[in-house]
Amino acid sequence: MKKTMGIVVLAAGEGKRFKAPTPKPLAPLCGRRMVDFPLSESLSFAEKASLQTFCTVVTGHERERVEAYLRERYNKQINFTFQKEQKGTADALKSYFESHGSGQKTDLTLVLCADTPLIRRRHLSALYQALADGDHDGVVAAFRTSNPQGYGRITSGQGPGFSIVEEDEASDEIRKITLVNSGLYLFKTSFLLEHLEEIGSGAKDEFYLTKIFQDHLKLKAVLFPDAHSFMGVNTLRQLGAASHEIRREINQRHLENGVLIVDERHTSIDWEVSIGENSVIHPHNFIYGRTKIGRSVHIGPNCTIEECDIRDHASIKGHCHLEKASIAPGAAIGPFAHLRPESHIGEGSKIGNFVEIKKAVLHRGVKVSHLSYVGDAEIGEESNIGCGFITCNYDGTLKHKTTIGKRAFIGSDTQTVAPVSIGDDAYIASGSTINRDVPKEAFAVARSRQVTKEGMAKRFKKKKTEDV
């Protein structure tokens, strides 16, 4: 029978120092929200360790926003406990156990804070192993720091256990201690249920979970060397520091998987971006969301790519902006191209400089090489679009579609006034404004006839001279 574990993520605090319009657990961080990191890492750890989980987030400040986000993202994986008054970590756990009978029945209880986004599965595995290997009722992750201000200090006593003294209750001598509490705990649930009620209030009339640590109890502090992993995010400055650490971690992961990131320091890739091996990412790229990049893709410098699907051997040249677009294998985009949402670029197609594509399907081998706008359109395979082409898709009220068939040739400086259809193998003369359908294999020209007046140029030159 699988062991069971309750996962409790503490996310009720107001975060007064955070000074942002977003509740602190929902602070954006590398394409996710801050609370996603401890949540997903704990769920991943439990799955790897073959533990059956009961996962709960304790909410308080702006609970509606926090719970709405988590319900949408995690569906039924997450339960909620509302902590009416933020009276400390022990009070949050009491609320959890009172709200959920299932939590009381688990073998183990893991406690994490929503504002610790650098904790990883390896830390949780080490805690679990320490609890399993020894005769302990609970373990806490600890680390040493040269600047322990703000952390609870871990003090050794006469018994098998130890105490954790919060800074606002510590003497000057205790404050010199550099071994500190991370706020990450794993307990036997039966031990927690037995001792939680014994915890009294602290200096700020709060009930600290740290008071459960006493010299005579069988508890252990597990020392971790990577102190930065337990950094709590309480300010926007600390959020920036966490972002820097996570982006470094992301880039290292891609490098290890065979992606060449030319300049790690100036490349920003979100957590859930996937990149295939042998791809090359040049500097000053911002790759957001759940973008998927295939194998042997080349991304030039200074691009912004958001929620896109870029297939194998595609090339994105410098200074492109891509949003929610899909690019088929072997397609070439840019430089200075803009793909807006619902743009689908076919295999081997070419989108050149200063081209904007919006809500359009371009099939295999289409070329839109420069200075064009293609919106609300479908272009058949192997069609060639000349310079300065515009789909006039908006009549002031509604958007309309332009359809161009296979192997069509559209001359430079052509406009299509949608809705309009151009058939396969049709030829549109340069400078035309097409507002009626053109059948397949037809030639269409829609421009005024040229009139040439022999010798008249000198009259205009003379007039210009007189005006001066």
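Up top you'll find the structure we're talking about.
A brief look at the structure comes next.

Here is what the cut-offs are and how they apply
- In this numbering scheme, every chain counts its residues from 1 along its sequence in written order.
- In keeping with the model being predicted, local features are shown solely for residues with a pLDDT of at least 70 and side-chain atom pairs are shown and tallied solely at 80 or more, while totals for entire chains, interfaces and linings include all residues.
- Each side-chain value is derived from all of the structure's non-hydrogen atoms; neither hydrogens nor water enter the calculation.
- For helices, the fitted line uses only the C-alpha atoms of the stretch in contact; every axis is such a line through C-alpha atoms, and the angle between N-to-C directions lies from 0 to 180 degrees.
- For the purposes of this entry, the term helix denotes a DSSP run of H or I that reaches at least four residues, the term strand denotes a run of E that reaches at least two, and both are numbered from the N terminus.
- Crossings are classed by handedness, with left-handed meaning an anticlockwise turn of the near helix from the far one by less than a right angle and right-handed meaning a clockwise turn.
- Any two residues whose heavy atoms approach within 4.5 Å are treated as being in contact.
- For this scheme, ten residues count as nonpolar: Ala, Val, Leu, Ile, Met, Phe, Trp, Tyr, Cys and Pro. Four count as charged, namely Asp, Glu, Lys and Arg, and the remainder, Gly too, count as polar.
- Summary of the burial criterion: residues with accessible area below 20% of their type's maximum are buried, those above 50% are exposed, and those between are partly exposed, where the area comes from a 1.4 Å probe applied to protein chains only.
- Paired strands, as defined in this entry, are two strands with at least two bridges between them according to DSSP.
- Classification of ring pairs rests on two measures: the distance between centres of Phe, Tyr or Trp rings, Trp counted by its six-membered ring, which must be within 6.5 Å, and the angle between planes, read as stacked under 30 degrees, edge-to-face over 60 and tilted in between.
- In the sections that follow, a salt bridge refers to a side-chain nitrogen of Lys or Arg positioned within 4 Å of a carboxyl oxygen of Asp or Glu.
- The criterion is simple. A nonpolar core is a set of buried Ala, Val, Leu, Ile, Met, Phe, Trp, Tyr and Cys residues joined through side-chain atoms within 4.5 Å.
- A helix is expected to span 1.5 Å for every residue after the first.
- This arc is built from the directions going out from the helix axis to the C-beta atoms.
- Distance and chemistry together define a polar contact, namely a pair of N or O atoms within 3.5 Å, with one atom able to donate a hydrogen and the other to accept it when in protein, and with adjacent residues in sequence counting only for side-chain atoms on both sides.

### A closer look at the packing of helix α1 (residues 36–48) against helix α2 (residues 63–74)
Two measures define how a pair of helices packs: the angle their axes make with one another and the distance between the axes. Look at α1 against α2: their axes get within 13 Å of each other, and the N-to-C directions meet at 40°. For the element pair α1 and α2, the recorded crossing hand is right-handed. Contacts from Asp 36, Leu 39, Ser 40 and Leu 43 in α1 reach Tyr 69, Leu 70, Arg 73 and Tyr 74 in α2. Of the residues assigned to the contact of α1 with α2, the class counts are five nonpolar, one polar and two charged.

### Here's the deal with the pairing of strand β10 (residues 179–188)
The buried fraction of β10 amounts to nine of the 10 residues, a majority that puts the element mostly inside the structure. As paired elements, strand β6 (residues 108–113) and β10 share four bridges and run antiparallel to each other. Across the sheet, Thr 109 pairs through a bridge with Phe 187, a residue of β10. Examined bridge by bridge, strand β7 (residues 138–144) and β10 share six bridges and lie antiparallel to one another. Its bridge partner being in β10, Ala 142 is matched across the sheet by Asn 181.

### Considerations on the packing of aromatic side chains
A complete count under the given rule lists 15 aromatic pairs for this structure. Consider the rings of Phe 187 and Phe 213, whose centres lie 5.8 Å apart with planes at 45°: the pair is tilted. You can see Phe 187 sitting in strand β10 and its partner Phe 213 sitting in the loop between α6 (189–195) and β11 (219–223), a full 26 residues away along the chain. Since its relative accessible area comes to 0%, Phe 187 is described here as buried. Aromatic pair Phe 336 and Phe 354: ring centres 5.1 Å apart, planes at 10°, arrangement stacked. In this pair, Phe 336 sits in the loop between β24 (332–333) and β25 (338–339) while Phe 354 sits in strand β27 (residues 350–362), placing the two residues 18 residues apart along the sequence.

### So, the side chain of Arg 120
Mapped onto the secondary structure, Arg 120 falls in the loop between β6 and α5 (121–133). Judged by relative accessible area, Arg 120 falls into the buried class, the value being 4%. The residues contacting Arg 120, other than those within four sequence positions of it, are Phe 37, Glu 41, Ile 246, Glu 249 and Trp 271.

### Digging into the pattern of salt bridges
Under the definition given, this model contains 27 salt bridges. The salt bridge involving Glu 272 is made with Arg 32; its shortest N-O contact spans 3.3 Å. Note that Glu 272 is positioned in the loop between β13 (267–269) and β14 (274–275) and Arg 32 in strand β3 (residues 32–33), a separation of 240 residues in sequence. In this structure, Asp 226 engages Arg 122 in a salt bridge whose closest nitrogen and oxygen atoms are separated by 3.4 Å. Taken together, the residues span a long stretch of sequence, with Asp 226 in the loop between β11 and α7 (236–256) and Arg 122 in helix α5 at a distance of 104 residues.

### Details of the nonpolar core
Formed by 62 residues in total, the largest nonpolar core has its most connected members in Ile 310, Leu 322, Ile 327, Ile 333, Ile 351 and Leu 362. Those elements that provide at least two residues to this core are α7, β27, β28 (367–379) and β34 (420–422). At five residues, the largest contribution of residues to this core is made by β27. Leaving out residues up to four positions away in the same chain, Leu 362 has contacts with His 344, Ile 345, Gly 346, Ser 349, Ile 351, Ile 357, Val 368, Val 374 and Ile 379. Listed in part, the 38 residues of the second largest apolar core include Val 9, Val 57, Leu 70 and Val 222.

### Here we look at α2
With 12 residues, α2 should reach 16 Å at 1.5 Å per residue; the first-to-last C-alpha distance of 16 Å fits that figure. Every buried residue belonging to α2 is among Val 66, Glu 67, Tyr 69, Leu 70 and Tyr 74, and all of these are buried. The arc that holds every buried residue of α2, seen down its axis, measures 160°, which confines them to one face. Exposed residues lying more than 90 degrees from the buried face of α2 are Glu 64 and Glu 72. Considering only its buried residues, α2 is in contact with β3, α1, β4 (52–59) and β5 (78–82). Downstream of α2 by one or two residues, Asn 75 has phi in the positive range, about 55°.

### Things to note about the side chain of Asn 285
Structurally, the position occupied by Asn 285 is in strand β16 (residues 285–288). For Asn 285, a relative accessible area of 0% puts it in the buried group. A polar side-chain atom of Asn 285 sits 2.7 Å from the main-chain carbonyl oxygen of His 282. At 3.0 Å, the side chain of Asn 285 forms a polar contact with the backbone nitrogen of Cys 303.

### Regarding unusual backbone geometry
Comment: phi is negative for the bulk of residues other than glycine, and the bulk of peptide bonds are trans. Residue Pro 335 is bonded to the preceding Gly 334 through a cis peptide linkage, with omega at 5°. Checked against the element boundaries, Pro 335 lands in the loop between β24 and β25. Look at the link from Ala 418 to Pro 419: it is a cis peptide, with omega at 5°. Residue placement: Pro 419 occurs in the loop between β33 (415–417) and β34. Here Phe 354, not a glycine, exhibits a phi torsion of approximately 60°, which is positive.

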